[in-house]
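Notes for the structure review
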Amino acid sequence: MSYKVDYHMHSYYSDGTMKPTDLVRMYKEKDYDMISLTDHDGVDGIAEAMIAGEALQIKVIPGIEFSTGYDFDGRELELHVLGYYIDIENEALKARLTEIRKDREVRNEKLLAHLNNLGYELTYEDLLQRRGQTYVGKPNFARAIARKGYEIENLWEVLDTVKKDKISTFEAIELIREAGGMSVLAHPMKTKNLAELRSDVFWEALEQILRDLKKHGLKGLECYHPSATKEDSLLLVELAGKYHLHITEGSDFHGE
């Protein structure tokens, strides 16, 4: 039996635009069987999504997406790690998420000051899209800049000039394990500064990373994602099979 699934999406509890309930309803209307809400560095929307899933009779897996730092060949890469079937009440997980949120707030203050110094007048309130919002990420900055009518060449490069402290990839994998979940390397084709995309060097480096992360408890690989072509996905499936990793699929949906 085949299932229609999406294991990667974001609500307005991170940098998405939709309420968890509305997300679940949308996927139900599109005849999905199983989905996972994987907000960035937080689980605030999980309970709402799971309640909606029970009411609408669609399976909702509690998930999360960590932005992590990974040392590779003398440089730090940013790898994203998805966690599934996590216990959102796990104390170690909750404590670390609180620390990560504080680190993000420090980054946001610095980035806001940087943009103002460049002549783009923004306030913290400009970054908010709803009442009670506690998460502000780079997409929130991008939306605020667009609403103000500013046009910034190489916008994402500008937003990347101020970095936030990231937990290590190994720590994210361990946090997910301690919370009873399974860890999956997200969208490998979006890995920056690894090597020329799709070159032999890229694939060799990715395999080296997977081999290392597998030793540290990685359980899966997101083989199907909008960043991957059909040919990419076939190669990723081969790598997943070689290292006995679960194969997952996700749209990385953030909203219309």
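Scroll up to find the structure.
Figured I'd write up the structure that's included with this text. (Residues numbered from 1 in each chain as written. Predicted model: local features only at pLDDT ≥ 70, side-chain atom pairs only at ≥ 80, totals over all residues. Heavy atoms only, no water.)

Attention now goes to the pattern of salt bridges. Within this structure, the stated rule accounts for 17 salt bridges. For D160, the salt bridge goes to K138, with nearest N and O atoms at 2.5 Å. Of this pair, D160 sits in the loop between α5 (155-159) and β5 (167-168) while K138 sits in helix α4 (residues 138-147); the two residues are 22 residues apart in sequence, bridging distant segments of the chain. Under the relative-accessibility criterion, D160 is labelled buried at 17%. What makes K138 partly exposed here is its relative accessible area of 23%. (Salt bridge = Lys/Arg side-chain N within 4 Å of Asp/Glu carboxyl O. Helix = DSSP H or I, 4+ residues; strand = E, 2+ residues; numbered from the N terminus. Buried < 20%, exposed > 50% of the residue type's maximum accessible area, 1.4 Å probe, protein only.)

In this section: helix α7 (residues 200-215). In this model, α7 (16 residues) spans 23 Å end to end at C-alpha, consistent with the 22 Å of a helix rising 1.5 Å per residue. Those residues of α7 that sit buried are F202, W203, A205, L206, E207, I209, L210 and L213. Packed against the buried residues of α7 are β3 (59-72), β4 (75-84), α6 (169-178), β6 (182-185), β7 (220-224) and α8 (230-242). Remark: G217 follows α7 within two positions and exhibits a positive phi of approximately 110 degrees. (Expected span 1.5 Å × (residues − 1). Contact = heavy atoms within 4.5 Å.)

Side chains M182 and V184 project from β6 onto one buried face, and the interleaved S183 and L185 project onto a second face that is buried too. When β6 meets β7, the two strands line up parallel, connected through 2 bridges. What sits directly across from L185, in β7, is L221. Traced from β6 through α7 to β7, the parallel crossover comes out right-handed. (Pairing = 2+ DSSP bridges. Right-handed = clockwise from strand over helix to strand, strands pointing away.)

A word on the packing of helix α1 (residues 20-29) against helix α2 (residues 46-56). Packing of α1 against α2 leaves a shortest axis separation of 8 Å and a crossing angle of 35 degrees. As for how α1 packs across α2, the hand of that crossing is right-handed. Residues P20, T21, V24, R25 and K28 of α1 touch α2, and the partners they reach there are E48, A49, A52, G53 and L56. In terms of residue class, the contact of α1 with α2 is made up of 5 nonpolar, 2 polar and 3 charged. (Axes fitted to C-alpha atoms, helices over the stretch in contact; angles between N-to-C directions. Left-handed = near helix turned anticlockwise from the far one by under 90°. Nonpolar A, V, L, I, M, F, W, Y, C, P; charged D, E, K, R; others polar.)

Moving on: the packing of helix α3 (residues 91-117) against α4. Contact pair α3 / α4: the axes reach a minimum separation of 11 Å and the direction vectors enclose 30 degrees. When the axis of α3 is compared with that of α4, the two are roughly parallel. Judged by the twist between their axes, the crossing of α3 over α4 is right-handed. Here α3 contributes R107, N108, L111, L112 and L115 to the contact with α4, which in turn contributes K138, F141 and I145. For the contact of α3 with α4, the per-class residue count stands at 5 nonpolar, 1 polar and 2 charged. (Parallel < 35°, antiparallel > 145°, perpendicular 65-115°, else oblique.)

Y27, F66, L206 and L221 are the most contacted members of the largest nonpolar core, which has 53 residues in total. Ranked by residues supplied to this core, first place goes to α7 with 7 residues. Not counting the four nearest positions on each side in its chain, L221 is found in contact with V184, L185, P188, L210, L236, L239, A240, L245, H246, I247 and T248. Membership of the second largest hydrophobic core comes to 16 residues, among which are V136, F141, L155 and V162. (Core = buried A, V, L, I, M, F, W, Y, C linked by side-chain atoms within 4.5 Å.)

In this structure the tally under the stated criterion is 7 aromatic pairs. Relative to Y150, the ring of Y120 has its centre 5.3 Å away and its plane inclined at 70 degrees; by these criteria the two rings are edge-to-face. Separated by 30 residues along the polypeptide, Y120 in the loop between α3 and α4 and Y150 in the loop between α4 and α5 bring together distant segments of the chain. Cluster of aromatic residues (ring-pair linked, three or more members): Y27, Y32 and F253. Lying across the ring of Y12, R130 places its NZ or CZ 3.9 Å from the centre. Between the NZ or CZ atom of R130 and the centre of the ring of Y13, over which it lies, the distance is 4.9 Å. (Phe/Tyr/Trp six-rings, centres within 6.5 Å; stacked < 30°, edge-to-face > 60°. Lys NZ or Arg CZ within 6 Å of the ring centre and 35° of its normal.)

A word on the environment of V106. Looking at the secondary structure, you find V106 in helix α3. Judged by relative accessible area, V106 falls into the partly exposed class, the value being 41%. Taking the C-alpha atoms as reference points, V106 and K163, 57 residues apart in sequence, are found 9.8 Å from one another.

Everything listed here is a matter of geometry and, on its own, says nothing about what the molecule does.
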